[in-house]
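# What the coordinates show
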Amino acid sequence: MNNSIALLIFNMIYGCIMLLLGIFLKKTKHSSTVIMFISGDYSDLDPHKVCYIIGKRMFTLGIVLFLIIPFDFWEPSIAFFAILILTILWVIYESWDFTKNRGNYK
């Protein structure tokens, strides 16, 4: 039961962080500084558009992480692997999208 509570707390904190970072990125006024925080080669892209897109996706990931919370009570190992797989898929999708569709963000 201890692992279940620890995973629940982790899931809630991780979801909150993703939601708050998503809101911050979507609403930021200093997008050039935020792009440096994201640390990528976005020098030729529109920083406002990049921040908005990444912020929207982080916000969506945070919502999905909150939808996993019931699995923390039912089967904690499934919830943990779901969080891990979703995060890995999100990073892969971000990398693929900003490589393949780079022209859309100029």
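Just so we're clear, the structure is a prediction, and the values are computed from it rather than from any experiment.

Rules used throughout
Residues numbered from 1 in each chain as written. Predicted model: local features only at pLDDT ≥ 70, side-chain atom pairs only at ≥ 80, totals over all residues. Heavy atoms only, no water. Helix = DSSP H or I, 4+ residues; strand = E, 2+ residues; numbered from the N terminus. Buried < 20%, exposed > 50% of the residue type's maximum accessible area, 1.4 Å probe, protein only. Areas by Shrake-Rupley, 256 points an atom, 1.4 Å probe, with all protein chains shown as cover. Polar contact = N/O pair within 3.5 Å; in protein donor to acceptor, adjacent residues only side chain to side chain. Core = buried A, V, L, I, M, F, W, Y, C linked by side-chain atoms within 4.5 Å. Contact = heavy atoms within 4.5 Å. Expected span 1.5 Å × (residues − 1). Salt bridge = Lys/Arg side-chain N within 4 Å of Asp/Glu carboxyl O.

With that settled, consider the overall build of the chain. Helix and strand counts for the chain come out as five helices and zero strands. When the helices and strands of the chain are read in sequence order from the N terminus, they spell out α-α-α-α-α. Scored against the burial criterion, the 106 residues of the chain give a buried share of 35%. When the accessible surface of the chain is split by element, carbon and sulfur atoms take 72% of a total near 6900 Å².

A word on the environment of Thr 60. Mapped onto the elements, Thr 60 comes out in helix H3 (residues 47-67). Judged by its relative accessible area of 43%, Thr 60 is partly exposed. Within polar-contact distance, the side chain of Thr 60 engages the backbone oxygen of Lys 56 at 2.9 Å.

Counting residues in each nonpolar core, the largest one holds 18 residues, and the members touching the most others are Met 18, Val 50, Ile 54, Met 58, Leu 65, Phe 98 and Tyr 105. For this core, the secondary structure elements donating two or more residues are helix H1 (2-27), H3 and helix H5 (76-100). For this core, the element with the highest residue contribution is H3, accounting for seven residues. Filtering out sequence-adjacent residues up to four positions away, Met 18 remains in contact with Met 58, Phe 59, Leu 61, Gly 62, Leu 65 and Trp 90.

Turning our attention to H1. For H1, built from 26 residues, the straight-helix expectation of 38 Å at 1.5 Å per residue is met to within 8% by its first-to-last C-alpha distance of 38 Å. Considered for burial, the residues of H1 that qualify are Ser 4, Leu 7, Leu 8, Asn 11, Tyr 14, Gly 15, Met 18, Leu 19, Gly 22 and Leu 25.

This next bit is on the pattern of salt bridges. Under the definition given, this model contains two salt bridges. Of the charged contacts in the structure, one is a salt bridge between Arg 57 and Glu 94, with a shortest N-O distance of 3.1 Å. Of this pair, Arg 57 sits in helix H3 while Glu 94 sits in helix H5; the two residues are 37 residues apart in sequence, bridging distant segments of the chain. For the pair Arg 57 and Glu 94, one class covers both residues: buried. Each of Arg 57, Glu 94 and Asp 97 takes part in one network of salt bridges that share partners.

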